[in-house]
Protein chains: 4
Amino acid sequence: MYQFETKIRVRYADTDQMKYVYYGNYARYFEIGRVESLRNLGLTYRELEEMGVMMPVLENNSKYLAPALYDELLTIVTTIKEKPGVRIKFDYEIKNESGKVIHLGETLLVFVNMQTGRPCKMPEVMEKILASYF
Amino acid sequence: MYQFETKIRVRYADTDQMKYVYYGNYARYFEIGRVESLRNLGLTYRELEEMGVMMPVLENNSKYLAPALYDELLTIVTTIKEKPGVRIKFDYEIKNESGKVIHLGETLLVFVNMQTGRPCKMPEVMEKILASYF
Amino acid sequence: MYQFETKIRVRYADTDQMKYVYYGNYARYFEIGRVESLRNLGLTYRELEEMGVMMPVLENNSKYLAPALYDELLTIVTTIKEKPGVRIKFDYEIKNESGKVIHLGETLLVFVNMQTGRPCKMPEVMEKILASYF
Amino acid sequence: MYQFETKIRVRYADTDQMKYVYYGNYARYFEIGRVESLRNLGLTYRELEEMGVMMPVLENNSKYLAPALYDELLTIVTTIKEKPGVRIKFDYEIKNESGKVIHLGETLLVFVNMQTGRPCKMPEVMEKILASYF
């Protein structure tokens, strides 16, 4: 298992007239959780694309337990629970400033060879970096 | 069961550098599917809020079967399968221009009394309008 | 001069907690105005990119005269005032449902040859289509 | 004059199929520049709204000198050049990772009393905080 925490500030752009974060904007927060959890391991998604591997999303699921509000500093706990193969799954737990869990999410992505457009195995560099966690 | 079809044009704003619609933007398409399916029944979400009822999202799930591309005219088939009570669930099937199903989604929302902040039953006006479908 | 009108519905996704359309979302409305005004002439921006020409933005300016509100059906009047050369300028006037002008905007774009990355003249097909208006 | 620097990471959500940051997303970056420049003075926009003052946008202008790319860590230099009265103007200069200025922007906002809906003077607490800079 690999876990990493990221902080995100809710912006006015993220809110809607209900004064909540618009339900579609959590996907952006998930993206930040994923990308920063990889960067913390010394790996950027930008490098993966430069190596010719992209990671489109297959599934994305959200449970809205309580609203996120403007200017709150949210904590995103991103977890990779299982060793990735051709696919990789990220779980997220989002907490508000008082430490309350307000959101649960998960995203399933697939490694795709950008030249062939076909699914492929996780790049070796990523496998090595993640090896000690699984 | 109640079902309604809406057309949506993919905008440049919706795409990302993978040349696909960014995975977080389907929530916006779902919103359009929901709102237009209600408008077709003579009911607007704006009126619901004016009556003092809002509908925050509890769950939102997406399956990405194939990418949506820039300028495609997508068809969103929105379905309410079960009679709503305190909660209402919308299912979506998104087809691209060639009629291929590229996305499946579902959103669970709850009726909330804006004065008390507590869940409430579906407004009567909505119940009457939906009655013949269930 | 060439002028075209497009209708746009304000979505919940577009609003912010001020209950106005978020100031950054007018750029999306401008995009829709531009693209639909070209489509009305029989030309799509998608085709321009397929021909190897893209149109990045050089300048974008907005004047917010009055807020746009949720679910309003806005009218975007898009105008090309001057014959385009290497650059093309679009002007926008946005009216709300009661016909009041609530927003003024303008966008300056440049034609770029996607192979060389250099500015280029407006594609011939576009010049022919626009010829009768200038 | 008051000036402050903020760092922003470009997200996949921000890009479009040109592989550039979508032209409408700079408004979000400007918002972050403004809000963080005020927070650095000990003042949050959230508090201003809690005091009953909101700051809708009157004008927003952008010059796109060069594209911002995915995952770049941008620097936003936000400047208040003139002492605010009923209105406040922010200027922005955005630099990419190599220090090149890629974007210039400015936003004019107005202080509005949320009870009356009318323009009002800059709140006293803000005037005191800004006093030493003008």
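See the structure printed just above.
The two copies are related by a screw operation: chain C maps onto chain D through 180° of rotation and 0.0 Å of translation along the axis, at an RMSD of 0.0 Å. Taken together, the rotation angle and the small translation identify this as a two-fold axis. The C-alpha atom lying nearest the rotation axis in chain C is that of C:N61; the distance is 2.2 Å. When you check the interface residues of chain C against chain D, 100% turn up at the interface there too, and the contact is symmetric in its surfaces.

Below, the discussion takes up the interface of chain C and chain B. Across the contact, 10 residues belong to chain C and 10 residues belong to chain B. It is helix 1 (residues 26-39) of chain C that provides the largest number of residues to the side of chain C that touches chain B, a total of 3 residues. Split into classes, the residues belonging to the side of chain C that touches chain B amount to 4 nonpolar, 1 polar and 5 charged.

This next bit is on the sheet that holds strand 5 (residues 87-95) of chain A. Pairing is antiparallel across the open sheet formed by 10 strands, whose spatial order is 1(A)-4(A)-5(A)-6(A)-3(A)-3(B)-6(B)-5(B)-4(B)-1(B). Sheet topology places strand 1 (2-9) of chain A together with strand 1 (2-9) of chain B at the edges, where each strand pairs with a single neighbour. For this sheet, the mean inter-axis angle between neighbouring strands, taken without regard to orientation, is 15°. Summarising the sheet, strand 3 (residues 57-64) of chain A and strand 3 (residues 57-64) of chain B pair through 5 bridges and their orientation is antiparallel. Bridged to A:K63 within strand 3 of chain B is B:E59.

What counts, and where the lines are drawn
Residues numbered from 1 in each chain as written. Chains lettered and ligands numbered in written order. Predicted model: local features only at pLDDT ≥ 70, side-chain atom pairs only at ≥ 80, totals over all residues. Least-squares fit on C-alpha atoms with pLDDT ≥ 70 in both. Contact = placed C-beta atoms within 7 Å. Helix = DSSP H or I, 4+ residues; strand = E, 2+ residues; numbered from the N terminus. Nonpolar A, V, L, I, M, F, W, Y, C, P; charged D, E, K, R; others polar. Pairing = 2+ DSSP bridges. Axes fitted to C-alpha atoms, helices over the stretch in contact; angles between N-to-C directions.

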